[in-house]
Each structure stands twice: as C-alpha cells, then as structure tokens.
Amino acid sequence: MLEVLLCVTLFIIAPALSGYGANVYATPRKRVWCYRRYLIVKDWSLTRHVMMIFGFFAVVLYATGALAKLGMPLNPLFGRSLLGLTWLSGMAFLYCYFEISKLRDRLPWKSLAGLLAIGVATLSKVLADHVIAELTHLPPRELVGAQLLLSVIMTVSLWSAGVAIALGAVVFGSLFLMLRSMVRDYFSMRKKQKYDALPDLAAVVAIYLCALIALTAMAELSRKSTYEKPAREAIAFAAFTLPSSYCGLSDKRGAMIAPLPNDTAAIAIADDKLGYRFEPIACAPAKKSLAEIEALLGTSAQ
C-alpha cells in the first residue's frame, strides 16, 4: 500500500501540482485569484480549520477503505494510523464546535474528575487481578509487578471505553443537530441570508464516525483472542524476573521464574501461540553454607 501511494505521489500528484503551480505563477489573473482565496482561508476560524483537517482524513479513510474492498492490500499499521488520525481530528473538531473550553467555569470538573479517577482506579485494580488469575491460575497478590503494570493498562483502557460509550450515547443527540441545521437553513432562506450548514453536518459526521471507530476498537480489544497474548507477555515481563537457574533448572531460553511463598515458584515458559504459559513448581533456591560464605569473604578480603 505504501509503495502504491509513493508511486502515485511521485508520478501523478507531484507532476500535476508542479505543472499547476507553474501555470498559476505564469498567469497574473490566476495569481490574484489564488491570493484572494488564501486571504479567505486565512480569515477562517479555528473551528473551520479543524473541520477541514477532519474532512481530509475522513475522505482519505473512505478512499482507502474503497481500495481495500477492491482487493488492494492494506498495511495494517497504515490503516490503524489513519483511523487514529481521523478519530483525533474528529474529536478536536467536536471540541471546537461545542466550545467545550467555555464550560470549564460552569461545571465542577475537578470534583467530577476526582470521583471518576477513584472509580476507574478501583475498577482497573479489580480487572487486573481478574486477568492475572484467569491467565496464570496464580494468586495475583504474589505477582505485584504484574498487578501494577496491568492496572496502568486497565486504567487507560477504561478511560478509552468511557469515551467510546459517551460518544455512542451522543450519537442519539446528533439528530438534534440535523434538525437544528434544517430549521436554521429554512429561516435563513426566508430572510434571504444563506446559513452555513456545513459545520452542523460535519459535526454529525464526526460524532457518528468517532463513535463507530471508538466502539469498534473497544469491541475488538475486549476479545480474549486479542488481549490474551499481549497480557501474558506483560505479566511475564513485569513479574517473572528471575532466571530458571534460581530453582536449579537449566537456563532455557524464554523460561523465567517468579518466587512464591513456602518454597514454591511459578515458571513462565515461552509459547509461540499464547506468548507464555505459566506453571507452579516446587522451588527451593540453592543456599550456600556458612563455610562457603566464609571462603567467599576471605577471597574478597584478599
């Protein structure tokens, strides 16, 4: 996909833009027309600039989807990046369109954010323990590092899920925007003053598109087939930090140990399909005798 875009840019878009620029530069009338359009664009409000950026990414997204439907191979990283940019530009446009910044002094944002943060942190801790117990069949309290890392990941996931659900709820309110746009357009036609309904329509598209992207992403991430392997790798990275020789086993590549109470431990074994498998084992770490320690101390002193 990137190779096709590069070829189209170098051999079609770049020559066309270069030829058009030369034509405009050689024609005074066209230069004046372009300069006037530049002044008009320069006087646009921030909301309209952001709306145009969102429109550009939305058009590219739909064009890319159409090419994918026609059978053109699409790089997954390029597709995810385009979805992310479309979502971010849509949210930025909605932030400007609804003038969220003016609501800072009208609502108790700090109190609401504090309550939400406490609730999300508590729920993320519970979900992290649940995921650890489900995937390892070990007590989560013994895997402190995995608890911390998965709690952070769950906190971000819960905030993202909250935003996705909120956008899904706002979709129903977008019908009001369409109705308001139609009413304003009707009265402006009666007064012979054309009302610009484009921002209202763009807001409706942004709400639907952002909600669709966010809800689809959260539905995909909530599947066990999606999160199981990364979660297992995160648990192994955060909690299993000792080599297998700690329990007297041979140092096998990809095998790591997490010590547990009462001369037991858990071993993480690398697996191509699952990422890691976790098994409890009996583990009595090798302990040096007092004579060996004395010998080491004597060697160190010399």
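Calculation rules
Going along each chain's sequence as written, the residues are numbered from 1 onward. For a predicted model such as this one, the threshold for reporting local features is a pLDDT of at least 70, and the threshold for listing and counting side-chain atom pairs is 80 or more; totals across whole chains, interfaces and linings nevertheless cover every residue. Values shown for side chains rest on all heavy atoms present in the structure; no hydrogens or waters enter the calculation. The quantity called pLDDT is the predictor's confidence in a given residue, expressed from 0 to 100. Segments assigned H or I by DSSP are reported as helices when at least four residues long, segments assigned E as strands when at least two residues long, and all are numbered from the N terminus. For two strands to be treated as a pair, DSSP must find no fewer than two bridges joining them. Residues count as neighbours in contact if any of their non-hydrogen atoms are within 4.5 Å of one another. In this analysis, axes come from line fits to C-alpha atoms, helices being fitted only over the stretch in contact, and the angle between any two N-to-C directions falls in the range 0 to 180 degrees. Here the word oblique covers every angle except those under 35 degrees (roughly parallel), over 145 (roughly antiparallel) and from 65 to 115 (roughly perpendicular). Each residue is assigned to one of three groups, with Ala, Val, Leu, Ile, Met, Phe, Trp, Tyr, Cys and Pro labelled nonpolar, Asp, Glu, Lys and Arg labelled charged, and all others, Gly among them, labelled polar. Here the term patch refers to residues with relative accessible area over 30% and no salt bridge, with like charges joined within 9 Å and nonpolar side chains (Val, Leu, Ile, Met, Phe, Trp, Tyr) within 5 Å. Per-residue and other accessible areas were derived by the Shrake-Rupley procedure at a 1.4 Å probe size, with only the shown protein chains allowed to occlude residues. Salt bridge, as applied in this entry: a Lys or Arg side-chain nitrogen positioned within 4 Å of an Asp or Glu carboxyl oxygen. Any helix carries an expected span of 1.5 Å times its number of residues minus one. Buried means the residue's accessible area, taken with a 1.4 Å probe over protein chains only, is under 20% of the maximum for its type, while exposed means over 50%, and partly exposed covers the values in between.

The next thing to look at is the confidence of the model for the protein. The pLDDT averaged across the protein works out to 83; a share of 90% of its residues lies at or above 70. Across the protein, the element-wise mean pLDDT spans from 70 in helix α9 (residues 290–301) up to 91 in helix α8 (residues 224–239).

In this section: the sheet that holds strand β4 (residues 275–282). Across the sheet, four strands lie side by side as β1-β2-β3-β4; this open sheet has antiparallel pairing. Since the sheet does not close on itself, it has two edges, and those belong to β1 (242–243) and β4, each with one partner. Summarising the sheet, β1 and strand β2 (residues 256–260) pair through two bridges and their orientation is antiparallel. Within β2, the residue paired with P243 across the bridge is M256. Where α8 meets the sheet, it contacts β2, β3 (264–271) and β4, and its direction lies at approximately 50° from that of β4.

Quick look at the packing of helix α5 (residues 109–136) against α8 now. Following both chains from N to C, one finds α5 and α8 inclined at 90°, their axes separated by 11 Å at the closest point. The angle between the axes of α5 and α8 places the two elements in the roughly perpendicular class. For the pair formed by α5 and α8, the contact residues are V131, I132, E134, L135 and T136 on the first element and K224, Y227, E228, A231, R232 and I235 on the second. Residues belonging to the contact of α5 with α8 are distributed by class as follows: six nonpolar, one polar and four charged.

On to a nonpolar patch on the surface. A surface patch of nonpolar side chains, amounting to about 770 Å² of accessible area, comprises V4, L6, V8, L10, F11, I12, I13 and L17. Mapping V8 onto the fold places it in helix α1 (residues 2–26).

To continue, consider α5. The terminal C-alpha atoms of α5 lie 39 Å apart, and with 28 residues this matches the ideal 40 Å at 1.5 Å per residue to within 8%. All of the buried residues along α5 are V120, S124, A128, V131, I132, L135 and T136. Two residues or fewer after α5 comes H137, characterised by a positive phi angle close to 55°.

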